[in-house]
Amino acid sequence: MYIQVSEDFKKKSKSAILAISIFVIVYILMFLFTIILAVACIGGGILLIITKPMFLTLMLGIGAAGTGVCVFFFIIKFLFKKHINDRSYLTEITRTQEPQLFKMIDEIVKEAETDFPKKVYLSYDVNASVFYDSSFWSMFLPIKKNLTIGVGLINTSTKQELKAVLSHEFGHFSQRSMKVGSYVYNVNQIIFNLVNDDQSYRNSIESWASMSGYFSIFAAISLFITNKIQWVLSKMYSFVNIRHMALSREMEFHADEVAAHIAGSVSLEESLLRIELASNSYNNVISFYDAKVSKNQASKNIYKEQSFVMNFLATQNELEMKHDLPNVKLSESGLFNKSKLMIENQWASHPSHEERIARLRKLNIIKDTDNEHAKNLFQDFEKTEEKLTAKLFSKVKYQKGKTELELDVFKTEFEEQYNRDSFDKIFNSYYDNKNPDFTIQENHIVKDLLFDELFSKEKVELVYTLIALENDKKTIEAIASKELVLKTFDYDGKKYTVKEAKNLIPEINHSISEIQKQIQQNDSDIYHYFLSSTDDSGKKTEFINAYQLLSAYDASYEEKLKVYTDIAHATAFMSTKTMPEQIKRNFLNLKPLEDTLKNEIRPYLENTSISFYLEEQDVKDLNYYIENHLIYFNNDHYIDAHLQLLMRAINVYPYLLNRKYFLLKKDLLNTMKDLANSGYTEKVN
C-alpha cells in the first residue's frame, strides 16, 4: 500500500528537518567548545602541577582538569543513555495463546507493508500503542516495535473498530516518509535528556565536590557552565519540539488514512467517538474501587463492570446502541462545547477528534465490516479479563484479606452512588454547571409556562454558551496581553491577528450580557413557575425554605472558604526551612485559626447526611482532632502523627463545604422534581 503524503505533511517535514539541522549545528559548536575547554583545563592543570609541584597546585590542577572532563561529559552523556519502557503493567501474549488476534495483526501488517511487532502486550486501559526502547543509536539502527493493546479497548470495540485502531498504530511506521518522525522524536529525546534529565550528572558533581573543599570550587564552576549550556539547549528544545508537534499532528492524519484504507473510515470514526465514553467508564470503575480500599474490597472482573458503566451512562445520556455498543454521534460528543474560538494548539501532538473525523469523512473509504465484538477474537476473553484484573489489584496494599464484589453488588452500589452524586435527568443538565439565581425578586405577573420549555435543549445550550463565551473571553484577553503567544486565531469562522484580539472583547462582552439576560429571565420564570404551582399543593413553604437555605449557604460560602485559605497560608511555613523559635511562634499564631476550623468542621461531622460520605477512619480522626489540643512541635522536632491529623482536617474542610452545597442544591431540585411530577405543574395559567 502506498499513500501519497499531503502537502502539509511535506511542509512540516521540511520544517522539522530544518529545525534538526539547526540543532545539529548548535550542538556541534557546543561540542567543539567543550573539547577546547577540556583540553585547556586538562593541559592547564598538568602545566600548573609541573611548574610548581606541591599539594595546593596538585589539587588545583586536578580540579581544573575535572572541570573540563565534567563539562565535556555533560555534552555527550546522552550517547550512553537508553530509554527502557516500563513493562511491569503489561502482559505478553503469544500467537499460540491467541491465534485469531495474531491473524488480524498479520492482515494489518501485510496491508500496511510494515514489520510484525517484536512482541504483543495487553495493558489495562482503553488504548493501543506501539513502543520501543530507544537510544541515540536508534536513529541509525533498525529497531523492532512492540504492540500494546488495552483490554479496556478490546472490551468496548467491534472487531472492525479494533482493526482500525491497530491499523492506525502501524500506519505510523508503514512508509519511509514516516521515518522523519522517528528522527525528530529521537532528537527531542536527546535534547530533553540534556536539558532536564541531569539528576545523575548532578549527583556525580556533588560527590566529586564532597571529596575536598578545593574540588567544590571547580564543581561550582562546572555547574555554572553546564547551566549556561542547558539554557541554550532549552531554547533549542522549544524550537525543535514545536515543529515536532506540528509534524506529529500530520502523522496522525496520515496514520488515520492508512487505517481507513485497511478497515474503512466509519469503523475508525465510531471508535474515536466512543473511546472517551469507554475511558470515562473504565476510570469510573477505578475510582469506585479506590474508595473501597479501606474496606478491603476489590473487583473480580473490572471489564464486565466497565461494560455495565458504559451502557448505564449511555442510557442516562439517551445514546443509541449499535452492534450492542453505544453509538456516540459527533453532535453528541461536542454537545457542551459551544466555543467559537479556534486556535491551532502548536504544542498538541494529536489533532482533535473533530479534525480527524472531518478528514475521515472526506476520505469516505468503505470496507466490508466484521461487527462481531472484538473480545470474540480471544480464546477465553473472560479468563483474560480476570487475569489482568487480578494483576491490577495485586498492586494495592490491603490491611486485611481482600474480598471481591459480585457484579450484581457492584451494579447496585454504583447506581446508588451515581444517583447520590448527580441531579435528576428531568432538569436536562441545566443545573449541572450552574446554580439557581438567588437575586430573583418575586412578582405577580402571570405567565403561561411549561416545564419542558423551561428545561428545553435550547435553554440548556444557553448555559453552556455562556460558559464558552466567558472562557473565550479569558483566552482572547490572554492573547491581547501576549500571555498566550501566537500569530493568528479564528473566532466565529473569521481569522484574526493578535492586534485585533483586543477589539473582539467588547463584542464578546455584549454577547455575554445578552445570554446572561436570557438565562436570568429563564431562571426567574423557573422560580415563579414553581412558586405559583405550590399554591394548591401546600408545598409553597417547602419550596421557599429549600430555596432560601441554599441561598443563605451560597452567600456565606466565600466566608467559609476563607477559613481554609487562611489556615492553609498560615501552615505554609512547614514546607520551608524555619528556625525552631519561629516555628513555635507560628503555631501560637495558628491557634485562633485552628479553633475556627474546628468549630466549622464539627457541625458537618454531626450531620450524618454529610459524614456518610467520609471513611469511618476519617470520621474518627477528625473527631479526635476536634476534641483534643494537639502539640505539633516539641524539642525542636515536628510531631508527625499530630501534623497528619491537622493536615487531614485542613484538606477535608473544602470537601465538606462542597458536599453540603451539593446536598442543599439537590434537596431543592428534588423538591422541584416532586412538584414537576405532580399534577399541579403541568401548566400554570
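Residues numbered from 1 in each chain as written. Predicted model: local features only at pLDDT ≥ 70, side-chain atom pairs only at ≥ 80, totals over all residues. Heavy atoms only, no water.

Caption draft 1: Focus on unusual backbone geometry. In this structure, H323 is a non-glycine residue whose phi angle is positive, near 55 degrees. Tracing the backbone through its elements, the reader meets H323 in the loop between β8 (320-322) and β9 (325-327). Overall, the relative accessible area of 33% leaves H323 in the partly exposed class. The backbone phi angle of D636 is positive, close to 60 degrees, even though this residue is not glycine. In this structure, D636 sits in the loop between β14 (633-634) and β15 (637-638). What makes D636 partly exposed here is its relative accessible area of 46%. (Helix = DSSP H or I, 4+ residues; strand = E, 2+ residues; numbered from the N terminus. Buried < 20%, exposed > 50% of the residue type's maximum accessible area, 1.4 Å probe, protein only.)

Caption draft 2: Structural view of the sheet that holds strand β6 (residues 146-150). Strands sit in the order β2-β3-β6-β4 across an open sheet of 4 strands; the sheet is mixed. One side of each edge strand has no neighbouring strand; the edge strands of this open sheet are β2 (91-93) and β4 (128-131). For this sheet the average axis-to-axis angle between neighbouring strands, irrespective of direction, equals 30 degrees. Along the sheet, helix α5 (residues 159-171) contacts β4 and β6; its crossing angle with β4, the most-contacted strand, is approximately 25 degrees. (Pairing = 2+ DSSP bridges. Axes fitted to C-alpha atoms, helices over the stretch in contact; angles between N-to-C directions. Contact = heavy atoms within 4.5 Å.)

Caption draft 3: Quick peek at the side chain of S299. With respect to the helices and strands, the residue S299 is situated in strand β7 (residues 297-299). A polar atom in the side chain of S299 sits 3.1 Å from the backbone nitrogen of N301. A polar contact is formed between the side chain of S299 and the backbone nitrogen of I302, at a distance of 3.2 Å. Residues contacting S299, with those up to four places away along its chain left out, are Y289, E305, T389, F393 and E404. (Polar contact = N/O pair within 3.5 Å; in protein donor to acceptor, adjacent residues only side chain to side chain.)

Caption draft 4: The packing of helix α16 (residues 457-480) against helix α17 (residues 498-533), seen in detail. At a closest axis distance of 9 Å, the pairing of α16 and α17 adopts a crossing angle of 155 degrees. Between α16 and α17, the angle falls in the class roughly antiparallel. With respect to the hand of their crossing, α16 and α17 are arranged in left-handed fashion. When grouped by side-chain class, the residues that make up the contact of α16 with α17 number 15 nonpolar, 6 polar and 5 charged. (Parallel < 35°, antiparallel > 145°, perpendicular 65-115°, else oblique. Left-handed = near helix turned anticlockwise from the far one by under 90°. Nonpolar A, V, L, I, M, F, W, Y, C, P; charged D, E, K, R; others polar.)

Caption draft 5: Quick peek at the confidence of the model for the protein. Per-residue pLDDT for the protein averages 87, and the proportion of residues at 70 or more is 89%. The low-confidence segment residues 680-685, where pLDDT is below 50, has 19 contacts with residues more than four positions distant or belonging to other chains. (pLDDT = per-residue confidence, 0-100.)

Caption draft 6: Highlighting the packing of aromatic side chains. Summed over all chains, the structure comprises 43 aromatic pairs. Here the aromatic rings of F489 and Y496 are separated by 5.7 Å at their centres, their planes lie at 20 degrees, and the arrangement is stacked. Overall, Y496 belongs to the buried group, its relative accessible area being 12%. Here a set of aromatic residues connected by ring pairs shows up, and it is made of F427, Y430, Y431, F438, F451, F455, Y527, Y529, F530, F543 and Y547. Taking the ring centre of F116 as reference, the NZ or CZ of R95 above it sits at 5.1 Å. The ring of F253 is capped by R359, whose NZ or CZ atom sits 3.8 Å from the centre of that ring. (Phe/Tyr/Trp six-rings, centres within 6.5 Å; stacked < 30°, edge-to-face > 60°. Lys NZ or Arg CZ within 6 Å of the ring centre and 35° of its normal.)

Caption draft 7: Highlighting helix α13 (residues 381-393). Taking 1.5 Å per residue as the helical rise, α13 with its 13 residues ought to reach 18 Å, and the 18 Å between its terminal C-alpha atoms agrees with that figure. Those residues of α13 that sit buried are F381, T384, E385, L388, T389, L392 and F393. All buried residues of α13 project into a common sector of 160 degrees when viewed along the axis, lining one side. Those residues of α13 that are exposed and angled more than 90 degrees off the buried face are K383 and K387. Where α13 is buried, its residues contact β2, β3 (120-123), α4 (151-154), α9 (265-290), β7 and α10 (302-316). (Expected span 1.5 Å × (residues − 1). Arc of directions from axis to C-beta.)

Caption draft 8: Spatial organisation of the pattern of salt bridges. Under the counting rule described, the total for this entry stands at 22 salt bridges. Notably, a salt bridge pairs K584 with E581, separated by 3.5 Å at the nearest N-O pair. Residue K584 and its partner E581 are located together in helix α19 (residues 580-606), separated by 3 residues, close to a single helical turn. Of the residues examined, E581 reaches a relative accessible area of 48% and is grouped as partly exposed. With a closest N to O distance of 3.6 Å, K620 and E616 form a salt bridge. A residue pair is termed a helical-turn pair when its members lie 3 or 4 positions apart in one helix, as K620 and E616 do in helix α21 (residues 616-627) at 4 residues. (Salt bridge = Lys/Arg side-chain N within 4 Å of Asp/Glu carboxyl O.)

Caption draft 9: Local environment of the environment of Y201. For Y201, the position within the fold is in helix α7 (residues 199-209). Separated by 127 residues in the primary sequence, Y201 and F74 place their C-alpha atoms 7.4 Å from one another. Setting aside its immediate chain neighbours within four residues, Y201 contacts C70, V71, F73, F74, K77, L223 and T226.

Caption draft 10: Structural detail: empty space enclosed by the protein. Within this structure, the stated rule accounts for 2 cavities of 30 Å³ or more. The space that makes up the largest cavity amounts to roughly 70 Å³. Lining of the largest cavity is provided by Y431, P436, D437, I440, D523, I526, Y527, F530, F543, Y547 and M672. Contributions of two or more residues to the lining of the largest cavity are made by α17 and α18 (540-570). Looking at the lining of the largest cavity element by element, the count peaks at 4 residues for α17. (1 Å grid on protein atoms, 1.4 Å probe; cavity = no way out; pocket = protein on both sides within 12 Å on 5 of 7 lines; lining within 4 Å. Points joined across faces, edges and corners; volume = space filled by probe spheres on them.)

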